[in-house]
Number of protein chains: 2
Amino acid sequence: MTKIDRRTERLTDALRRAGVRITRQRAALLAVLARAEDHPEAVELHRRAEAQVPGISLSTVYRTLTALEAQGVIQRHQFAGTPARFEHTETAHHDHMIDVDTGEVVEFANDRIERLQAEIAAALGYDIVHHRLELYVRKKARPGTDQG
Amino acid sequence: MTKIDRRTERLTDALRRAGVRITRQRAALLAVLARAEDHPEAVELHRRAEAQVPGISLSTVYRTLTALEAQGVIQRHQFAGTPARFEHTETAHHDHMIDVDTGEVVEFANDRIERLQAEIAAALGYDIVHHRLELYVRKKARPGTDQG
DNA sequence: AGGCAAATGCAAACGATTTGCAACTGGATC
DNA sequence: GATCCAGTTGCAAATCGTTTGCATTTGCCT
Ligand SMILES: [Mn+2]
Ligand SMILES: [Mn+2]
Ligand SMILES: [Zn+2]
Ligand SMILES: [Zn+2]
């Protein structure tokens, strides 16, 4: 069983558990999500799913994404100035850097930051339900490189 | 000169510098912003400004907010699931905790987190342009307190 | 086959924000 | 103070991503 099969199964099971039917269009979207290594937006997922199910509608994509998110098997990221982007949650928690020039998304994880956040919240009498940490970045100018 | 006068002046000067006229409606909004100690959304700012200039339109509020943001004298925060919220930038950089139950916004600042962020970006070859750190939190259950 | 709830595609609604435009300033210039 | 003109206003309409209503289709169970 490949990594992508395992992911597809995880997504499929989550929907089954939620009592929703696995239709042709849903199966296609789940496969697309399982295969995705990037952070595509709904329209892009729709585009990719159309390869398998030509007539699939964007509403169906949105509806299924909402269901998957509710089950916690995918995450919706609302980065600044773009439509929401999606990714499966098979990988452990991480945060994101967004290259402001290219739009590229780079993942990172840092335990110290996670712990500090929890400490800060605790000190003020709160527990963290979830958080959002996004670094909007630009490639460091390497000496001798002129980026017009 | 009071703190609020100073803030109003800062906002006014920023607009003047940008070559825009200080009209009745803008003056009202600037005063509202200078006076605000919370993180109001556009509609709320509009509501407050109407006290001074009854006919002021929401478009004018939005247009002025956009101009002020472009000058860097106010900040626009896009918290999850709510319209944008605004605050003047007289105070130093800080991040936010949002109480998921009440919507209350609590500010905090932490140098260690700021430094860690810069280090993480640097290690991957990036400089941070700006960032977003939001903790969505819930009041810690105090022992002996039942929150239905 | 028959029945029924769930899912689909489409078009229309949504909510926050932006924009086009004609009417209206507010200053500067005479 | 009349004139001029670019900047500003309020309004309505447009925008964009996303959600929703609805008539039709589908998938499953009997
Ligand atoms: Mn990711
Ligand atoms: Mn703040
Ligand atoms: Zn994190
Ligand atoms: Zn910060």
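Residues numbered from 1 in each chain as written. Chains lettered and ligands numbered in written order. Predicted model: local features only at pLDDT ≥ 70, side-chain atom pairs only at ≥ 80, totals over all residues. Heavy atoms only, no water.

Draft legend 1. Focus on the protein's contact with DNA strand C. Near DNA strand C there are 18 residues, and of these Arg21, Thr23, Thr60 and Arg63 of chain A together with Tyr62 of chain B occur at the shortest range. In DNA strand C, atoms within 4 Å of the protein come 62% from sugar and phosphate. A distance of 2.7 Å is found between a phosphate oxygen of DNA strand C and a side-chain nitrogen or oxygen belonging to Thr60 of chain A. Within the side chain of Tyr62 of chain B, one N or O atom sits 2.3 Å away from a phosphate oxygen of DNA strand C. Of all elements in the fold, only α2 (24–35) and α4 (58–70) of chain A together with α4 (58–70) of chain B reach the threshold of two or more residues within the surface near DNA strand C. (Near = heavy atom within 4 Å. Polar contact = N/O pair within 3.5 Å; in protein donor to acceptor, adjacent residues only side chain to side chain. Helix = DSSP H or I, 4+ residues; strand = E, 2+ residues; numbered from the N terminus.)

Draft legend 2. The interface of chain B and chain A, seen in detail. Listed by partner, the interface residues are 35 residues for chain B and 35 residues for chain A. When chain B packs against chain A, close to 3,200 Å² is buried across both sides, 65% of that on carbon and sulfur atoms. Counting across the interface, chain B meets chain A through four salt bridges. Here Arg132 of chain B makes a salt bridge to Glu134 of chain A, at a shortest N to O gap of 2.8 Å. Mapped onto the side of chain B that touches chain A, the elements with two or more residues apiece are β3 (95–99), β4 (105–108), α5 (111–123) and β5 (126–139) of chain B. Of the residues assigned to the side of chain B that touches chain A, the class counts are 19 nonpolar, six polar and 10 charged. (Contact = heavy atoms within 4.5 Å. Buried area = accessible area lost by both parts, 1.4 Å probe. Salt bridge = Lys/Arg side-chain N within 4 Å of Asp/Glu carboxyl O. Nonpolar A, V, L, I, M, F, W, Y, C, P; charged D, E, K, R; others polar.)

Draft legend 3. A look at the coordination of the zinc ion (ligand 3). All names here are of chain A. The coordination sphere of the zinc ion (ligand 3) contains the protein donors His93 (NE2), Asp95 (OD), Asp95 (OD), Glu114 (OE) and His131 (NE2), at a distance range of 2.0 to 2.7 Å. All donors of the zinc ion (ligand 3) belong to a single chain; written as a sequence motif, their spacing is H-x1-D-x18-E-x16-H. Looking at His93, the relative accessible area reads 43%, which means it is partly exposed. (Donors = N, O, S within 2.8 Å, 3.2 Å for Na, K, Ca; no water. Buried < 20%, exposed > 50% of the residue type's maximum accessible area, 1.4 Å probe, protein only.)

Draft legend 4. Representation of the nonpolar core in the model. Counting residues in each nonpolar core, the largest one holds 22 residues, and the members touching the most others are Met97 of chain A together with Met97 of chain B. Of all the elements in the fold, those that place two or more residues in this core are β4 (105–108), α5 (111–123) and β5 (126–139) of chain A together with β4, α5 and β5 of chain B. Contact partners of Met97 of chain B, with chain neighbours within four places excluded, come to Ala121, Leu124 and Tyr126 of chain A together with Glu104, Val105, Val106, Phe108, Leu135 and Val137 of chain B. (Core = buried A, V, L, I, M, F, W, Y, C linked by side-chain atoms within 4.5 Å.)

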